[in-house]
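# Remarks on the overall topology
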Amino acid sequence: MSKSMSSARRDWLRAMSVTAIGAAVLPRSAWAQAGTPIVIGSLTPQTGAGSIYGPGMRDAIAAVVKEVNAAGGVISRQIKLVSEDDQTNPEATVRAARKLIDVDKAVAILGPWASSVAAAVAPVCWESETMCAIVGSADNITRLPHKGFLIRTQPNISMQAARFGRLALDQNPKSIYFLGPQTPFTQIYIDVVAKMAKDKGVAFASEIYDGSKTSYRSEVDKAMKFKPDVLLLGGFVNDNAVVLRDIYRAGYKGTMIGFGTGVNTKLLESVPPEAVEGIYAVTPSAALGSPAYKRLAKLINVADPGPFESQAYDMINLTVLAIAQGKQATGPAIRDNIRKVSQGGGTVVDDAVEGIKLIGEGKKINYEGASGPVEFDQYGDIVDSKFRIEQVRGGKLTLVEIS
Amino acid sequence: MDNYLIAMATIACVYGLMTVSLNLSWGVTGMVNLGIAGFFGIGAYTSALLTTRLGWPVVAGVASAMVAGALVGAVLSIATLRLRDDYLAIVTLGFAEIVRLVALNELWLTNGSDGISGIPAPIPRGYGYGFSLAFLALIAALLALAAWSASRLQRSPYGRVLRAIRDDADVTAVAGKDVVRFKLKTFALSTAIAGAAGAMYGHYTSFVAPDLFAPLLTIYIFLALTIGGTGNVKGAVLGAFVLIAILEGSRYSAAFLPELSAVQQSAVREMVVAALFLLCLRFRPRGLVPERMGAAGE
């Protein structure tokens, strides 16, 4: 009995080791034969802090994949989308990315959301030569030595801060004051706006507060002593609600500008209308009204897709077009060709199917996306991004411009 | 697939170091360390900073991470050991949050939420598959060393005192043992191991950030140890591997439910994880490898 058991175990061990060695020895290309589907991984936050955005992003990616497959695929191959959850957690993301790369053999990973998640997944991707398109604002992610395998569709913090500062300076102020909570990005905002103000000879001062206080009297009093023409509010909804009440009590009459994450319909519900009247909100925006944006809205059946859904739509379209352009479905081929389809002139397209057709006819194309023109610099950052400027008028957020 | 299994085994070994650490302080000595993620973070940042900023070799970085973990552990326990046990739990829980907030806000040192990238590895990453395999061998050896030392310690007369402290500290003190001293040394030793785990994780993935040591990590480690068997080093190591197997294996549950949407699949996955843990605890309440109670005098 025990003899047969041990021989059975030996057989099993032998079988396992043969499998393991076989798997190790076979070159990767053995799996990537023509006719087999191209695997693209979506790694979006389905759970955790980003879970309000992840599902929509994933839906946008899936919709494009479905559309491309229905039209015959790309380079005569179908696309297989494998979706994993980044859990808005860097450790879980690394594990999920390993699965997508090593098990599913994904050639591109689309959608890691939040800076810490994106920074954790980036080395995994560039070391295994897998293309990676991320959402995350921290400036330095794209400065990592990613050998071109990383692109970011979201404007970085400096770019967002610059738009914030520009709107402030557009009011022709003599003085600007920044009042914001302690977050990892607050200091960058202050530095960028301070420099812009200094260049224009505008007085600037700032105050960082603890975002969980129940009163900001002393901070607001300090700001009022500075007599700012423009007051920049870096807060989120909860602290802005308190700050704005204190500002109203202080009788401030200047212009106030906040971020879309802190000045939105939720804030309007929690603050008396007279305390928020006239305040501006700045939000990175999708390219509302662009053909790609309208297409996306129809494709995923959502009236007004958000910026992240728009970015996901652009990520998958660019990936597919880069594969068509390079006639190869590998990470390096996507890296080498993604800028050839995203910028540099040519016939403007807003979807992959149309683009594949044009590339097949030997035409140069230029993809213009739902999130913006999506053109990348040498680091993988977008060069230009749209921002949505809104103002509270008559108790309602009213669109001023998108630029 | 092979590369993936190697990567998961490597991460399981990192978790294994932490479960061995927690087993030493909580499983054997009864000191609840709810701040294990904080010590993981201390280790990760110590080694990451020394190797990237000062160019120290990785070995020196990991050794320093252990020293830093031990020192901080000792200071924390000195402050609380004379109080009731619950205080250590509360203090360590707060401590982990402090470490995370400091890492998030002291930009000049830690780079804030951007984290530290480009942490070197002891083996050149360029070797690809060879790197993965060699790193696994390295961390498996480290885990084996930690587990072996911990089980030697546990079986020694010293370990007997620790178990006595866990069961009744007053009686142990009456028997003439310096309880505070024993606790302090053991706690420092366990936090040194957690520091090593953090350092190795950083060298493996090349990136550390404050989000890595969120409280979830501590919960995972407690789960792993509870499943494996508290008070037993083998159980601690096994628990870490079972934890990763459950976390990763549940990924494939989605394949059986193709008609669900991606969000539902993610939710199902979390339900599967929870259900498997519940089943483990229902049928093996003392863990897969329960602590072995030796005969008197053993």
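What counts, and at which threshold
- Residues numbered from 1 in each chain as written.
- Chains lettered and ligands numbered in written order.
- Predicted model: local features only at pLDDT ≥ 70, side-chain atom pairs only at ≥ 80, totals over all residues.
- Pairing = 2+ DSSP bridges.
- Helix = DSSP H or I, 4+ residues; strand = E, 2+ residues; numbered from the N terminus.
- Axes fitted to C-alpha atoms, helices over the stretch in contact; angles between N-to-C directions.
- Contact = placed C-beta atoms within 7 Å.
- Expected span 1.5 Å × (residues − 1).

Residues and elements named next belong to chain A. Strand order in the open sheet formed by seven strands is β7-β6-β8-β9-β10-β13-β14, with mixed pairing between adjacent strands. Each edge of the open sheet is held by one strand with a lone partner, namely β7 (203-209) and β14 (396-402). Neighbour-to-neighbour, the strand axes of this sheet turn through a mean angle of 25 degrees, independent of strand direction. Here four bridges tie strand β8 (residues 230-233) to strand β9 (residues 255-259), and the two strands are oriented parallel to one another. When the bridges of β9 are listed, Leu233 appears paired with Gly258. Packed onto the sheet, helix α7 (residues 217-225) meets β6 (175-181), β7 and β8 and runs at close to 175 degrees relative to β7.

Okay, the sheet that holds strand β2 (residues 79-85) of chain A next. All names here are of chain A. As summarised here, the arrangement of the five strands in space is β2-β1-β3-β4-β5, forming an open sheet in which the pairing is parallel. The sheet is open, and its two edges are formed by β2 and β5 (150-152), each paired on a single side. Here the average twist between neighbouring strands, direction ignored, is 20 degrees. The pairing of strand β1 (residues 38-44) with strand β3 (residues 108-113) spans three bridges and is classified as parallel. Looking at the pairing, Gly41 lines up with Ile109 of β3. Sheet strands in contact with helix α4 (residues 115-127) are β1, β3, β4 (131-135) and β5, and its direction is about 165 degrees off that of β3.

Time to look at helix α8 (residues 237-249) of chain A. All names here are of chain A. Under the 1.5 Å per step criterion, the end-to-end length of α8 is 18 Å for 13 residues, consistent within 8% with the ideal 18 Å. Its buried side turned inward, α8 meets β6, α7, β8, β9, α9 (265-270) and α10 (273-276). Downstream of α8 by one or two residues, Gly251 has phi in the positive range, about 75 degrees.

Residue and element names in this part refer to chain B. Inspection of the secondary structure puts Leu223 in helix α10 (residues 215-228). Along the primary structure Leu223 and Thr19 are separated by 204 residues, whereas in three dimensions their C-alpha atoms are 9.3 Å apart. In contact with Leu223, other than residues within four places in its own chain, are Leu243 and Phe277.

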